[in-house]
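# Descriptive structure summary
Okay, here's what each chain looks like letter by letter:
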Amino acid sequence: MKEETGYTLTSWKYRGLVTFVSGGGVTEYMSLFTADGFTGEPIPCDEGELEWVDKEEVLKLNIWEGDKIFFRLLEEEQAFFSLKLVYDGGDRLTAASLNGIPMELFDVRDEDGRCTGVVRERGVAHRDGSLHGTAHIWVVREKASGGNDLCYDLLLQKRSQGKDSYPGCFDISAAGHVAAGDEFLETALRELKEELGIRAETEDLEFAGFHRAYCEDVFYGRPFRDTEISAIYVYRKPVDETALRLQPEEVESVRWMDGEACAKAVREETMPNCIYLDELELVRRYLERNRSRETMG
């Protein structure tokens, strides 16, 4: 610090150990410190140009994706941590683990939903609002209406109280992020199995369309910006909600709710939820089109 900046530290803290694997046969261990006290005057640095940057702007800089992870951890005042970062021999992040637990990585997508080649950690993606993919599965049961009107129930899940966003809110039947390198359909099949215990086949999922969404909120004192492009699927095989195997980390409970009643509750905000009204409309239109085709057939 003295050699490169001219400052003498008077207060510092050891914050973490970063294992950096380049993918090119090089592994480095980096001890990570922060300091909040120093004396002295700045001097020219022969390693580069020094500049003060507001903490809120750091993640917007052209820095390594792994660096964005430990900057996020530092800002969130994480206790001493061990972070492992693995690259592909270039600048593409291929794996990350925090204290021995794998972290979720997403493909960052362009406005058309195509992968850009950038892989970003979940927390960073939700911090800066990076566009990423998700799969949404709506479990539907149609019911007799006594007429020609479409009547159906939707299976809603109540999110676990331990979720990092919208805890305890009603949500889609099952949903999940598309991990880096994965596809929408395989993600949908996996999430149905993991969250509800439903072992579906590819032909069991009906693609209803894509949905683009953005939301912004604060959870546990941290900003949350979610920009998604979601593949929407409908699952119409019979489901006994009492026989489902719920994933406790994700799902607290499930309930059937009439489709129109659900839309009304979301529209009038009479039910705690994180459901998009236009996505409900997309599902309703799909069911109506499908019903019309079946009637004509």
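Remember, it's a predicted structure, so these values are computed and weren't measured experimentally.

Rules and cut-offs
Residues numbered from 1 in each chain as written. Predicted model: local features only at pLDDT ≥ 70, side-chain atom pairs only at ≥ 80, totals over all residues. Heavy atoms only, no water. Patch = residues over 30% accessible without salt bridge, like charges linked within 9 Å, V, L, I, M, F, W, Y side chains within 5 Å. Areas by Shrake-Rupley, 256 points an atom, 1.4 Å probe, with all protein chains shown as cover. Salt bridge = Lys/Arg side-chain N within 4 Å of Asp/Glu carboxyl O. Helix = DSSP H or I, 4+ residues; strand = E, 2+ residues; numbered from the N terminus. Pairing = 2+ DSSP bridges. Contact = heavy atoms within 4.5 Å. Axes fitted to C-alpha atoms, helices over the stretch in contact; angles between N-to-C directions. Expected span 1.5 Å × (residues − 1). Buried < 20%, exposed > 50% of the residue type's maximum accessible area, 1.4 Å probe, protein only. Arc of directions from axis to C-beta. Phe/Tyr/Trp six-rings, centres within 6.5 Å; stacked < 30°, edge-to-face > 60°. Lys NZ or Arg CZ within 6 Å of the ring centre and 35° of its normal. Polar contact = N/O pair within 3.5 Å; in protein donor to acceptor, adjacent residues only side chain to side chain.

### A closer look at a nonpolar patch on the surface
Judged by side-chain polarity, Trp12, Tyr14, Phe33 and Phe80 come together as a nonpolar surface patch covering roughly 470 Å² of accessible area. Inspection of the secondary structure puts phenylalanine 80 in the loop between α2 (65–75) and β3 (81–87).

### Regarding the sheet that holds strand β1 (residues 8–21)
Overall, mixed pairing links the five strands, which are arranged β2-β1-β3-β4-β5 in an open sheet. The sheet is open, and its two borders are formed by β2 (27–39) and β5 (101–102), each paired with just one other strand. Sheet analysis places strand β4 (residues 93–98) next to β5, joined by two bridges and oriented antiparallel. Directly across from serine 97, in β5, lies its bridge partner proline 102. Contacting β1, β2, β3 and β4, α2 runs over the sheet at an angle of about 165 degrees to β3.

### Section: helix α4 (residues 184–196)
Between its terminal C-alpha atoms α4 stretches 18 Å, which fits the 18 Å expected from 13 residues at 1.5 Å a residue. By the burial criterion, the buried members of α4 are Phe184, Thr187, Ala188, Glu191, Leu192, Glu195 and Leu196. Taken end-on, α4 shows its buried residues confined to a sector of 135 degrees, consistent with a single buried face. Downstream of α4 by a residue or two, glycine 197 has a phi angle that is positive, lying close to 80 degrees.

### Focus: the packing of aromatic side chains
Across all of its chains, the model carries 14 aromatic pairs by this definition. Each ring, one from tyrosine 14 and one from phenylalanine 80, has its centre 5.0 Å from the other, and the planes form 80 degrees; the classification is edge-to-face. Of this pair, tyrosine 14 sits in strand β1 while phenylalanine 80 sits in the loop between α2 and β3, and the two are 66 residues apart along the sequence. Between phenylalanine 184 and phenylalanine 210, the aromatic rings sit 5.5 Å apart at their centres with planes inclined by 70 degrees, giving edge-to-face as the arrangement. With phenylalanine 184 in helix α4 and phenylalanine 210 in strand β12 (residues 205–219), the pair connects residues that are 26 residues apart, well separated along the chain. Residue classification places phenylalanine 184 among the buried positions, given a relative accessible area of 14%. What links up through ring pairs into an aromatic cluster is the set Phe184, Phe207, Phe210 and Tyr233. Seen from the ring of phenylalanine 170, arginine 255 lies directly overhead, with NZ or CZ sitting 5.4 Å from the centre.

### Topic: the pattern of salt bridges
One pass over the full model with this rule turns up 32 salt bridges. Residues aspartate 110 and arginine 114 are paired through a salt bridge, measuring 3.4 Å at the closest nitrogen-oxygen approach. Given the relative accessible area of 23%, aspartate 110 is considered partly exposed. We classify arginine 114 as exposed; its relative accessible area is 51%. Linking aspartate 128 and arginine 120 is a salt bridge whose minimum nitrogen-to-oxygen distance equals 3.5 Å. Take arginine 120: its relative accessible area is 11%, and that puts it in the buried class.

### Considerations on the environment of tyrosine 14
Under the relative-accessibility criterion, tyrosine 14 is labelled partly exposed at 38%. For the pair tyrosine 14 and lysine 237, spaced 223 residues apart in sequence, the C-alpha separation works out to 55 Å. Discounting chain neighbours no more than four positions away, the residues touching tyrosine 14 are Ser31, Leu32, Phe33 and Phe80. Within the structure, tyrosine 14 has its side chain in polar contact with the side chain of serine 31 (distance 2.9 Å).

### Description of helix α5 (residues 259–268)
Gly259, Cys262, Ala263, Ala265 and Val266 are the residues of α5 that are buried. Across the axial projection of α5, the buried residues extend over an arc of 160 degrees, all falling on one side. By the N-cap criterion, in which a side-chain oxygen at the helix start approaches the backbone nitrogen of a residue two or three places on, α5 is capped by aspartate 258, the distance to glutamate 260 being 3.0 Å. At the C-terminal side of α5, glutamate 269 shows a positive phi close to 55 degrees.

### Considering unusual backbone geometry
Despite not being glycine, asparagine 99 shows a phi value in the positive range, around 55 degrees. Here asparagine 99 lies in the loop between β4 and β5. The residue tyrosine 220 is not glycine, and still its phi comes out positive at about 55 degrees. Overall, tyrosine 220 belongs to the exposed group, its relative accessible area being 55%.

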